Amino acid sequence: MSERHYINGRWVPPRRGGSLENSNPATEEVVGEYAAGTAEDIASAVDAAREALPGWKGINPSERASCLRALAAQIRTRQNDLAHTEVLDNGKPLPEALWDVDDAAGCFEFYADLAERSVMHETIALPDERFECVVRYEPVGVVGQIIPWNYPLLMAAWKVAPALAAGCTCVLKPSEFTPLTALELGRMADEVGLPPGVLNVVTGTGPEAGEPLVTHPNVRKVAFTGSVPTGRRVMQLAAQDIKNVSLELGGKSPIVVFADADLRQAIEWIMFGIFWNQGQVCSATSRLLVEESIAPRLLEQLASEAEKITVGNGLTPGVLLGPLVSASQHGKVLRHIAEGQAAGARLISGGKRPPSLPQGYFIEPTIFSEVPRESALWQQEIFGPVLCVRTFRKEAEAVAEANDTPFGLAAAVMSADVSRCQRVAAALEAGIVWINCSQPTFTQAPWGGVKGSGIGRELGRWGFESYREPKQITRYTSAAPWGWYLK
Ligand code: NAD
């Protein structure tokens, strides 16, 4: 089935007949083939979504909630095989994939509840009593959703669940590197009886399938997660029709560790912030700013803990770091490491392919200290298991350096002094700030960045509202003329 798109409740071959291959990043073996979507397939999917829209937005929100709950239950029933598929496609360790699948189900459950709880319309008080204003919350319409490869099923859930809950219909385009679980989401939608056309999944590359989705005139909103350059392109294309756009882009997030922080806690969260999912996390706290007085002790312990991490095939029990997603990502991260060394950064751990793993896109957990501020290593998103470290002496210096980046997705601060943590959290330019932790993500809380990290928020009620348009309906209630022309 994976060589077909899921359009209008049916599995259809690509109109132009092409296919693409995806491979297992741990073995470099081809896992399977899937459909190479083009503008024709996107047009069919958008037509189906448009046709399904009146029915889907017209039903009671509790009926939509039932569908979402059924989908969540199906995801939970299939947790093991979905997680297994995710490991074959993406490479991540199986326990992480199981966690992701559980989160994806939780996301559908959360938005099912929100669909039922949310107000559909409300009356607004106006200063002139002769007028009555009702605001109706209406679904945006057909939405085009484009997702990356780092959390294939979870990113699909973050996009599809709030959109469906709000009454929109969707065309989802997964990453060409990891299309499998998005197609499974289509299959599960079918199994639970989601009406045809409400969710459509079209696979393919960005230029061939992504761009036609962004530019299709009947797509009213584009929800994109991916890199900054692609996000910029998507925004430019969407500007043609003044489309509603949300962008969840990259980051180079700081983690600031003060001398009074609990050292073991700090090391645990620093590692979680850069080695989870092989560092291929948009909010990875990849820049460590550590107070100078504790830097030697912290770095020595950190390097020793990093060296204990078991690297290997994500299906092997005990593995904590799998392969990177693709040959190109592997090459890019190794280039960053080589350039970092050439720029004068000090390699204190890792830095190469593990000698015991000649096959697969593996890289050791890597830590650089004394990273020059102007180097690409410090400035650019690497999207791999590479931590960059600098030291600071004063709080103000740490905040200034943390904010000295074009990105603004996330940041973390660690200190025993809670009021200092609150002060620093307020000063950090980021959409998400963690205090005494890094990365815990909850479906209930808003997610998204400032500056170059994006526009808009996903998750929580903010994610839901991004799929609704408030419509103002104002009624003149007095029997007397208003009195401007007719006295
Ligand atoms: P990418 O930008 O290369 O691709 C993302 C998606 O966009 C893919 O589905 C791709 O096919 C599609 N695409 C590519 N070119 C396109 C075009 N011209 N028009 C339309 N679609 C196009 O990103 P990636 O390498 O898949 O993912 C990694 C990036 O995603 C990182 O920068 C990471 O920080 C970011 N990310 C951000 C978040 C967040 O919530 N902020 C979450 C996950 C990943």
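All values reported here derive from a predicted model rather than from experimental measurement.

Novice: Would you mind going over the overall build of the protein with me for this structure?
Specialist: Along the protein, the regular secondary structure elements total 15 helices and 20 strands. In terms of overall size, the protein behaves like a compact globule, its C-alpha atoms giving a radius of gyration of 24 Å where 487 residues would be expected to give roughly 23 Å. Projected onto its principal axes, the C-alpha positions of the protein cover 80 × 60 × 40 Å. Evaluated residue by residue, the protein yields a buried proportion of 56% over its 487 residues. Taking the contacts inside the protein whose residues are at least 6 apart along the sequence as the reference set, 72% of them involve residues at least 24 apart. Accessible surface, the protein as shown: approximately 19900 Å² in total, 53% of it carbon and sulfur.

Novice: What should I look at first to understand helix H3 (residues 79–90) in this one?
Specialist: For an α-helix the count is 3.6 residues per turn, leaving residues at separations of three or four pointing the same way. Spanning twelve residues, H3 covers 16 Å between terminal C-alpha atoms, matching the ideal 16 Å at 1.5 Å per step. The set of residues buried in H3 consists of Leu-82, Ala-83, Thr-85, Glu-86, Val-87, Asp-89 and Asn-90. On its buried side, H3 packs onto strand S3 (19–23), helix H2 (61–77), helix H4 (94–117), helix H5 (152–166) and helix H6 (180–191). After H3 finishes, the residue Gly-91 shows a positive phi value of roughly 100°.

Novice: Honestly, the site of the ligand in this entry has me stumped. Any pointers?
Specialist: Near the ligand there are 28 residues, and of these Ile-147, Glu-176, Ser-227, Leu-249 and Glu-381 occur at the shortest range. Coverage of the ligand by the protein amounts to 90% of the 840 Å² it exposes when considered alone. Mapped onto the shell around the ligand, the elements with two or more residues apiece are helix H7 (206–215), strand S10 (221–225) and helix H8 (228–239). Across the shell around the ligand, the residue classes break down as 13 nonpolar, nine polar and six charged.

Novice: Which parts of the structure should I look at to understand a nonpolar patch on the surface?
Specialist: Together, Trp-482, Trp-484, Tyr-485 and Leu-486 make up an exposed nonpolar region whose accessible area comes to about 640 Å². Note that Leu-486 resides in the segment after strand S20 (468–476). Under the relative-accessibility criterion, Leu-486 is labelled exposed at 61%.

Novice: I keep staring at the pattern of salt bridges and nothing clicks. Help me out?
Specialist: Where side chains of opposite charge bring their charged atoms close, a pairing between them can arise. Per the counting criterion, the structure on display carries 27 salt bridges. Across the pair Lys-471 and Glu-138 runs a salt bridge, and its minimum N-O distance is 3.1 Å. Of this pair, Lys-471 sits in strand S20 while Glu-138 sits in strand S6 (residues 131–139); the two residues are 333 residues apart in sequence, bridging distant segments of the chain. Residue Lys-471 is classed as partly exposed on the basis of its relative accessible area of 38%. For Glu-401, the salt bridge goes to Arg-373, with nearest N and O atoms at 3.3 Å. Residue Glu-401 is located in helix H13 (residues 395–403), and its partner Arg-373 is located in the loop between strand S15 (366–369) and helix H12 (376–379); the two are separated by 28 residues in the primary sequence. For Glu-401, a relative accessible area of 6% puts it in the buried group. Classification of Arg-373 as partly exposed rests on a relative accessible area of 35%. Residues joined in a network through salt bridges with shared partners are Arg-78, Asp-81, Glu-184 and Arg-187.

Novice: How do you make sense of the sheet that holds S6 when you look at a structure like this?
Specialist: The pairing of strands in a sheet happens through backbone hydrogen bonds and is either parallel or antiparallel. The three strands lie next to each other as S5-S6-S20, forming an open sheet whose pairing is antiparallel. At either margin of the open sheet sits one strand with a lone partner, and together these are strand S5 (121–124) and S20. Going across the sheet, the axis of each strand differs from the next one's by a mean of 25°, ignoring polarity. Direction of pairing for S6 relative to S20: antiparallel, over a ladder of nine bridges. Across the sheet, Glu-132 pairs through a bridge with Arg-475, a residue of S20.

Novice: Can you help me understand the pairing of strand S7 (residues 142–146) in this one?
Specialist: Two faces make up the sheet, and in a regular strand the side chains alternate between them. Burial runs high along S7: five of the five residues are buried. Every second residue of S7 is oriented toward a common face, with Val-142, Gly-144 and Ile-146 on one face and Val-143 and Gln-145 on the other, all of them buried. As a crossover connection, the stretch from S7 through H5 into strand S8 (residues 169–173) is right-handed. Judged from the four bridges that link them, S7 and S10 form a sheet pairing that is parallel. Each bridged residue has a counterpart across the sheet, and for Gly-144 the counterpart in S10 is Val-222.

Conventions and cut-offs
Residues numbered from 1 in each chain as written. Predicted model: local features only at pLDDT ≥ 70, side-chain atom pairs only at ≥ 80, totals over all residues. Heavy atoms only, no water. Helix = DSSP H or I, 4+ residues; strand = E, 2+ residues; numbered from the N terminus. Rg over C-alpha atoms; globule rule 2.2 N^0.38 Å. Buried < 20%, exposed > 50% of the residue type's maximum accessible area, 1.4 Å probe, protein only. Contact = heavy atoms within 4.5 Å. Areas by Shrake-Rupley, 256 points an atom, 1.4 Å probe, with all protein chains shown as cover. Expected span 1.5 Å × (residues − 1). Near = heavy atom within 4 Å. Nonpolar A, V, L, I, M, F, W, Y, C, P; charged D, E, K, R; others polar. Patch = residues over 30% accessible without salt bridge, like charges linked within 9 Å, V, L, I, M, F, W, Y side chains within 5 Å. Salt bridge = Lys/Arg side-chain N within 4 Å of Asp/Glu carboxyl O. Pairing = 2+ DSSP bridges. Axes fitted to C-alpha atoms, helices over the stretch in contact; angles between N-to-C directions. Right-handed = clockwise from strand over helix to strand, strands pointing away.

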